[in-house]
Amino acid sequence: AAVCNSHITTLPLTTITLSGNTETGNGPVRIRSAGTLTVRCSTFSGNTGTVSGGGISINGGTVTISSSTFSGNTVTIFGQGGAIYIQAGTVTVSSSTFSANRALEAGGGIYNDSGTLTISSSTFSATTATNSGGAIFNHNSGTLQISRSTLTYNPATGTAEPMGRAPGAAAA
């Protein structure tokens, strides 16, 4: 990862640009365990994760994102969370823009597996997923609350194989 914040470390990212990073596995910014990440007035653009989180991958901890832009980020292979992937943790997104992000599988903008996700005053436009949740995919025991936000043209075509199944394989 370009930036990895683990355990009880606090990491503020203010007025930064992360662009053109490629990570084999999870996204260019990774938060684990009880780490704390604050992203403010920043841009994540043109980043690629091969498994989850084209921009940020979260597996626990507390993440606050405000007044930031996620544009043109991609996640391939399992393809969950074009801009942000949340395995666990508490994530708050406010006054932010998600545009032209892409997930091969689900959650073109954000994929929330088992975290607590609150979104307010944010815009999702032209983010796409091949299977489900063009803008946001909320899965398993994830909780999701959205207020005062705009979601415009975020298609999911429903043409991908279900997660974890090889193309053409029979359903179990």
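Right above here is the structure, for reference.
To start, this report covers the structure provided alongside it. Not measured: the values here are computed from a predicted model.

1. Side note on the sheet that holds strand β10 (residues 69-71)
On the basis of which strands lie adjacent, the open sheet formed by six strands has the order β3-β7-β10-β13-β17-β21 and parallel pairing. Single-partner strands in this sheet number two, and they are β3 (17-19) and β21 (150-152). Mean inter-strand twist for the sheet, computed between neighbouring axes without regard to direction, equals 5°. Examined bridge by bridge, strand β13 (residues 97-99) and strand β17 (residues 123-125) share three bridges and lie parallel to one another. Pairing of T97 across the sheet is with T123, part of β17.

2. Looking at the sheet that holds strand β18 (residues 128-129)
What the five strands build is an open sheet, ordered β4-β8-β11-β14-β18; its pairing is parallel. For this open sheet the edge positions go to β4 (22-23) and β18, each flanked by a neighbour on one side alone. With two bridges joining them, strand β8 (residues 48-49) and strand β11 (residues 74-75) adopt parallel strand pairing. Residue T48 lies in a different strand from β11, and its bridge partner there is T74.

3. Focus: the environment of V63
Along the chain, the position of V63 falls in strand β9 (residues 56-66). A relative accessible area of 0% means that V63 is categorised as buried. Through-space distance from the C-alpha of V63 to that of T92 is 6.4 Å; in sequence the pair is 29 residues apart.

4. Focus: unusual backbone geometry
Positive phi, normally seen in glycine, also occurs at S95, with a value near 45°. Position of S95 among the secondary structure elements: in the loop between β12 (84-94) and β13. Look at S121: it is not a glycine, yet its phi comes out positive at around 45°. Positionally, S121 belongs in the loop between β16 (116-120) and β17.

5. Brief notes about a nonpolar patch on the surface
Together, L144, I146 and L151 line one region of the surface with nonpolar side chains, adding up to about 230 Å² of accessible area. Position of I146 relative to the elements: it lies in strand β20 (residues 143-147).

6. Thoughts on the environment of I110
Relative to the helices and strands, I110 resides in strand β15 (residues 110-112). I110 gets classed as buried once you look at its relative accessible area, which sits at 0%. Separated by 54 residues in sequence, I110 and I56 place their C-alpha atoms 9.6 Å apart. Beyond its immediate stretch of four places on either side in the chain, I110 contacts G81, I84, I86, V93, F98, L117, I119, F124, A135, I136 and F137.

7. Re the side chain of S68
In this fold, S68 is placed in the loop between β9 and β10. Separated by 2.9 Å, the side chain of S68 and the backbone oxygen of S66 make a polar contact. For S68, the contacting residues outside a window of four places in its chain are V39, R40, C41, S42, S95, S96 and T97.

Criteria and cut-off values
- Residues numbered from 1 in each chain as written.
- Predicted model: local features only at pLDDT ≥ 70, side-chain atom pairs only at ≥ 80, totals over all residues.
- Heavy atoms only, no water.
- Pairing = 2+ DSSP bridges.
- Helix = DSSP H or I, 4+ residues; strand = E, 2+ residues; numbered from the N terminus.
- Axes fitted to C-alpha atoms, helices over the stretch in contact; angles between N-to-C directions.
- Buried < 20%, exposed > 50% of the residue type's maximum accessible area, 1.4 Å probe, protein only.
- Patch = residues over 30% accessible without salt bridge, like charges linked within 9 Å, V, L, I, M, F, W, Y side chains within 5 Å.
- Areas by Shrake-Rupley, 256 points an atom, 1.4 Å probe, with all protein chains shown as cover.
- Salt bridge = Lys/Arg side-chain N within 4 Å of Asp/Glu carboxyl O.
- Contact = heavy atoms within 4.5 Å.
- Polar contact = N/O pair within 3.5 Å; in protein donor to acceptor, adjacent residues only side chain to side chain.

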